[in-house]
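Chain by chain, the residues run as shown.
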Amino acid sequence: MAGEPQADCLFCKIVAREVPADVVRETETTLAFRDINPQAPTHVLVIPKVHHPDAATLAAAEPTIAADVLREAGEVASEEKVDGTGFRIIFNTGSGAGQTVFHAHAHVLGGRGFNWPPG
Ligand code: AMP
Ligand code: ZN
């Protein structure tokens, strides 16, 4: 059923605390933890606790939780003090765009310069 935990999903296991993570923030609906393979001095993932395969699917099914993820991304940037210099919120969507974990997540990246267009 949409939103239910998936037995084979790494991020559902992190939500259930079956897999450890370096958690930096938690709300009733979201969890934020450091990426295991950071691509910037600040690289935090913000995920909904409910399982949806990507951000757009989450937003269509549970828009208030999608908004929670975005708000928390901003809170992470503020706590990490990267909001002044600018930061990125990235939702890789689909394997062709680099998505490897099919549980919606925002990458919050900051603490260095970024190029445009992205690679
Ligand atoms: P994506 O490629 O957009 O699906 O992002 C998945 C992210 O999850 C990658 O940046 C990985 O480095 C990260 N990742 C994979 N396993 C873990 C883990 N156990 N704890 C924290 N981050 C992870
Ligand atoms: Zn999941």
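This text follows the structure it describes.
The present account deals with the structure reproduced in this document. In this text, all values refer to a predicted model and were calculated from it rather than measured experimentally. (Residues numbered from 1 in each chain as written. Chains lettered and ligands numbered in written order. Predicted model: local features only at pLDDT ≥ 70, side-chain atom pairs only at ≥ 80, totals over all residues. Heavy atoms only, no water.)

### So, the overall build of the protein
Then, in step 1: Check the secondary structure of the protein and you find three helices and five strands.
Then, in step 2: Taking 119 residues into account, the globule formula puts the C-alpha radius of gyration at 14 Å, and the protein, at 14 Å, falls close to it.
Then, in step 3: Dimensions of the protein along its principal axes, counting C-alpha atoms only, are 40 × 30 × 25 Å.
Then, in step 4: A buried classification covers 37% of the 119 residues belonging to the protein.
Then, in step 5: Looking at the protein alone, contacts between residues at least 24 apart form 50% of all its contacts between residues at least 6 apart.
Then, in step 6: Working note: accessible area of the protein is about 6,700 Å², and carbon and sulfur atoms make up 55% of it.
Then, in step 7: Averaged over its 9 positive side-chain charges, the protein has a centre that lies 6 Å from the centre of its 15 negative ones. (Helix = DSSP H or I, 4+ residues; strand = E, 2+ residues; numbered from the N terminus. Rg over C-alpha atoms; globule rule 2.2 N^0.38 Å. Buried < 20%, exposed > 50% of the residue type's maximum accessible area, 1.4 Å probe, protein only. Contact = heavy atoms within 4.5 Å. Areas by Shrake-Rupley, 256 points an atom, 1.4 Å probe, with all protein chains shown as cover. Lys, Arg positive; Asp, Glu negative; His and termini not counted. Charge placed at Lys NZ, Arg CZ, Asp CG, Glu CD.)

### A word on the nonpolar core
Then, in step 1: Membership of the largest hydrophobic core comes to 14 residues, with the highest contact counts inside it found for Ala32, Val46, Leu58, Val69, Val76 and Val108.
Then, in step 2: Within the residue set of this core, elements represented by two or more residues are strand 3 (42-48), helix 3 (63-79) and strand 5 (106-110).
Then, in step 3: With six residues, helix 3 is the largest single contributor of residues to this core.
Then, in step 4: Leaving out residues up to four positions away in the same chain, Ala32 has contacts with Asp22, Val23, Val24, Arg25, Val44, Leu45, Val46 and Val76.
Then, in step 5: Judged by nonpolar contacts, the second largest core, of nine residues, contains Cys9, Phe11, Ile14 and Leu31. (Core = buried A, V, L, I, M, F, W, Y, C linked by side-chain atoms within 4.5 Å.)

### Thoughts on the environment of Val76
Then, in step 1: You can see Val76 is positioned in helix 3.
Then, in step 2: Distance in space between the C-alpha atoms of Val76 and Gly113 is 18 Å, their sequence separation being 37 residues.
Then, in step 3: For Val76, the contacting residues outside a window of four places in its chain are Arg25, Ala32, Val44, Val46 and Val108.

### So, helix 3
Then, in step 1: Between its first and last C-alpha atoms helix 3 spans 24 Å; for 17 residues at 1.5 Å apiece the expected length is 24 Å, and the two agree.
Then, in step 2: Listed as buried for helix 3 are Ile65, Ala66, Asp68, Val69, Glu72, Ala73, Val76 and Ala77.
Then, in step 3: Residues of helix 3 that are buried make contact with strand 1 (23-26), strand 2 (30-34), strand 3, helix 2 (55-61), strand 4 (87-90) and strand 5.
Then, in step 4: Phi turns positive, to about 60°, at Lys81, one or two residues after helix 3. (Expected span 1.5 Å × (residues − 1).)

### A look at the coordination of the zinc ion (ligand 2)
Then, in step 1: Distances from the zinc ion (ligand 2) to its protein donors, Cys9 (SG), Cys12 (SG), His51 (ND1) and His103 (ND1), fall within 2.1 to 2.3 Å.
Then, in step 2: Because the angles between the four donor atoms bound to the zinc ion (ligand 2) fall within 107 to 115°, the donor set is best described as tetrahedral.
Then, in step 3: Going along the chain, you hit the donors of the zinc ion (ligand 2) in the pattern C-x2-C-x38-H-x51-H. Taken together, the residues span a long stretch of sequence, with His51 in the loop between strand 3 and helix 2 and His103 in the loop between strand 4 and strand 5 at a distance of 52 residues. Like His51, the residue His103 is buried in the burial classification. (Donors = N, O, S within 2.8 Å, 3.2 Å for Na, K, Ca; no water. Tetrahedral: all angles 85-135°; square planar, octahedral: opposite > 155°, others 65-115°.)

### Some details on the packing of aromatic side chains
Then, in step 1: Taken as a whole and assessed by the stated rule, the structure comprises one aromatic pair.
Then, in step 2: Residues Phe11 and Phe33 carry aromatic rings whose centres are separated by 5.4 Å and whose planes lie at 80° to one another, so their mutual orientation is edge-to-face. In this pair, Phe11 sits in helix 1 (residues 10-15) while Phe33 sits in strand 2, placing the two residues 22 residues apart along the sequence. Here the two residues Phe11 and Phe33 agree in accessibility, since each one is buried. (Phe/Tyr/Trp six-rings, centres within 6.5 Å; stacked < 30°, edge-to-face > 60°.)

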